Structure formats: structure tokens, C-alpha cells
Amino acid sequence: MASDSTTPPKTTRGRPRRTQAEADDLRARITQAARNLFARNGYEGVSMRKLADEAGCAPAALYSVFPNKRAVLHVVWEGVFADLAALMQDTARAHENPVARLEALGIAMTRFWLQRPDDFRAIFLIEDQPAATDNSYFATTSPAVANLALIEDAAEDAIAAGRMEAGTAQLIASALVAAVNGLALNLITIPEYDWADESAVVDRTIRALIAGFTQS
């Protein structure tokens, strides 16, 4: 009788490979957990183990998606700045007048952060510290750079229209961003102060700033 030479298939032990949907879900859970923890505990107060616990996954699963904490932080920043970029693009398209566009961009940016205080804390209250193997800062490559370009473009349009002094586009953009961040920082982190109407504080501060650069 002939022997059966068929070799039984090998069985693979361990967890089956994640589907793309499962991988996307894990990444989203980790990112959201990081936003919560960074806002609550600060960057230094969050460990990869704490992050894994918050996301409801094993540390090994966390490291399979993100090599280190800084990589997680950058993904958090990328998502927030992508949302801000979409808002700013819509705002810029809605205002043909460059001076009105500058005012609208400044007001929209400030209100964005006021509506998302935890995201503001996670981005602006955490210092980006490049590792020895990565000497670049996230601010030089992030979507935030494109947001600043929209402001400078509006300033250049205002200069071309004779509404602002030549050569001041970068100064205008820098002052506007500093004002936005300063407003958001104070209104978010000093809630115990008896601020006047929040909308009025934002609107009048941004408009006064732009008016200071405007030529009649």
C-alpha cells in the first residue's frame, strides 16, 4: 500500500496580522489618548506605558505603530494643524479684500484655539526637543508653515494694493501670529481672571493690530 506523502500544512502561532481597518483604529485610539494625556499631564508626565494603558493596548502594540513618544506628539500636531489649515483656507477664500482677509484669518485662528483648548496646550505648552538622530524641529516642516504662508500672502496682497507699507509682510505675519497665540494663551490658561466679553477681546485686538499696519 502506497504511503501518503502529503505533508500537513504548518500552523502559525501567535496573533494574526492586523487588518488595515484594525491598524487604522489602533493608530486613531493612540493619537486620541495622547491628546488627552498631553493636555492633562504635559509631555514629560506621559510615558509610553501610560499611553498604552490610556489607549487600551499592549505596549508592544503601541511600539509597532510609534517608535517613541516624540513621534506620537508629532502625529497629534499634524492632525490639529491640518484642521486649522482647512479653516484658514476657507477663511482666505471668503475674503477678497486683503485687509479684511488678514483680520478674518487672525480672528478665525484665535477662535479655533479657544474652541480646542486641550489641543492648544498639547501644541504650545510642550517644547519640541529633537533627538540626537533628528536635528530638525517639527515647526520647520509641519502644516503650520503653510498656514503662515496664507497670512504672508494676504499681507503681500495688501502691500500690492497700497494698503500697507512695502517690505512688511513678514513683520505683519509675525505680529499677527504672536497676537493670536498670546490671546489664546491668556484666555485659555488664566480663566480665573475676569475677562471682558471673549469675542470682543479677540475681535478688537486683531482689528487694532491690523489697523496699526494699514495705510489710509
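Here is a short report on the structure shown in this document. The structure displayed is predicted, hence computed values, not measured ones.

Cut-offs used in this document
Residues numbered from 1 in each chain as written. Predicted model: local features only at pLDDT ≥ 70, side-chain atom pairs only at ≥ 80, totals over all residues. Heavy atoms only, no water. Core = buried A, V, L, I, M, F, W, Y, C linked by side-chain atoms within 4.5 Å. Buried < 20%, exposed > 50% of the residue type's maximum accessible area, 1.4 Å probe, protein only. Helix = DSSP H or I, 4+ residues; strand = E, 2+ residues; numbered from the N terminus. Contact = heavy atoms within 4.5 Å. Salt bridge = Lys/Arg side-chain N within 4 Å of Asp/Glu carboxyl O. Patch = residues over 30% accessible without salt bridge, like charges linked within 9 Å, V, L, I, M, F, W, Y side chains within 5 Å. Areas by Shrake-Rupley, 256 points an atom, 1.4 Å probe, with all protein chains shown as cover. Polar contact = N/O pair within 3.5 Å; in protein donor to acceptor, adjacent residues only side chain to side chain. Phe/Tyr/Trp six-rings, centres within 6.5 Å; stacked < 30°, edge-to-face > 60°. Lys NZ or Arg CZ within 6 Å of the ring centre and 35° of its normal.

1. Looking at the nonpolar core
Then comes step 1: In this structure, Ile 30, Leu 51, Leu 102, Trp 113, Ile 151 and Ile 206 are the most contacted members of the largest nonpolar core, which totals 58 residues.
Then comes step 2: The greatest single-element share of this core, amounting to 11 residues, is contributed by helix H8 (residues 169–189).
Then comes step 3: Dropping the residues within four chain positions of it, Trp 113 is found in contact with Val 80, Phe 81, Leu 84, Asp 119, Phe 120, Ile 123, Phe 124, Val 180, Asn 181, Ala 184 and Ile 188.

2. Thoughts on the pattern of salt bridges
Then comes step 1: In total, this model carries 10 salt bridges according to the counting rule given.
Then comes step 2: In this structure, Arg 29 and Asp 25 form a salt bridge, with 3.1 Å as the shortest nitrogen-oxygen distance. Of this pair, Arg 29 and Asp 25 both sit in helix H1 (residues 20–41), 4 residues apart, which is roughly one turn of that helix.
Then comes step 3: With a relative accessible area of 33%, Arg 29 lands in the partly exposed category.
Then comes step 4: A relative accessible area of 42% places Asp 25 in the partly exposed class.
Then comes step 5: Notably, a salt bridge pairs Asp 157 with Arg 101, separated by 2.9 Å at the nearest N-O pair.

3. As for the environment of Ala 39
Then comes step 1: Looking at the element boundaries, Ala 39 is found in helix H1.
Then comes step 2: Since its relative accessible area comes to 18%, Ala 39 is described here as buried.
Then comes step 3: When the C-alpha positions of Ala 39 and Asp 119 are compared, they lie 7.1 Å apart, and in sequence the two are 80 residues distant.
Then comes step 4: When near neighbours in sequence (up to four residues on either side) are disregarded, Ala 39 contacts Asp 118 and Arg 121.

4. Digging into a nonpolar patch on the surface
Then comes step 1: On the surface, Phe 124, Leu 125 and Leu 185 cluster together into a nonpolar patch covering about 240 Å² of accessible area.
Then comes step 2: Within the secondary structure, Leu 125 sits in the loop between helix H6 (117–124) and helix H7 (144–160).

5. A short note on the side chain of Thr 31
Then comes step 1: Summarising the element assignment, Thr 31 is placed in helix H1.
Then comes step 2: In terms of polar contacts, Thr 31 uses its side chain to reach the backbone carbonyl oxygen of Arg 27, at 2.8 Å.

6. Notes on the packing of aromatic side chains
Then comes step 1: One pass over the structure, following the stated rule, counts 7 aromatic pairs.
Then comes step 2: Between the aromatic rings of Phe 38 and Tyr 43, the centroid separation amounts to 5.6 Å while the plane-to-plane angle is 40 degrees, which identifies the pairing as tilted. Comparing Phe 38 with Tyr 43, the two get one shared label, buried.
Then comes step 3: Centroid distance Phe 81 to Trp 113: 6.1 Å. Interplanar angle 85 degrees. Geometry classified as edge-to-face. Placement of Phe 81 in helix H4 (residues 69–93) and of Trp 113 in helix H5 (residues 98–115) is noted, with a sequence separation of 32 residues between them.
Then comes step 4: Assessed through its relative accessible area of 8%, Phe 81 is described here as buried.
Then comes step 5: The structure contains a cluster of three or more aromatic residues connected by ring pairs, namely Phe 81, Phe 112, Trp 113, Phe 120 and Phe 124.
Then comes step 6: Note that Lys 69 overlies the ring of Tyr 43, its terminal NZ or CZ placed 4.2 Å from the centroid.

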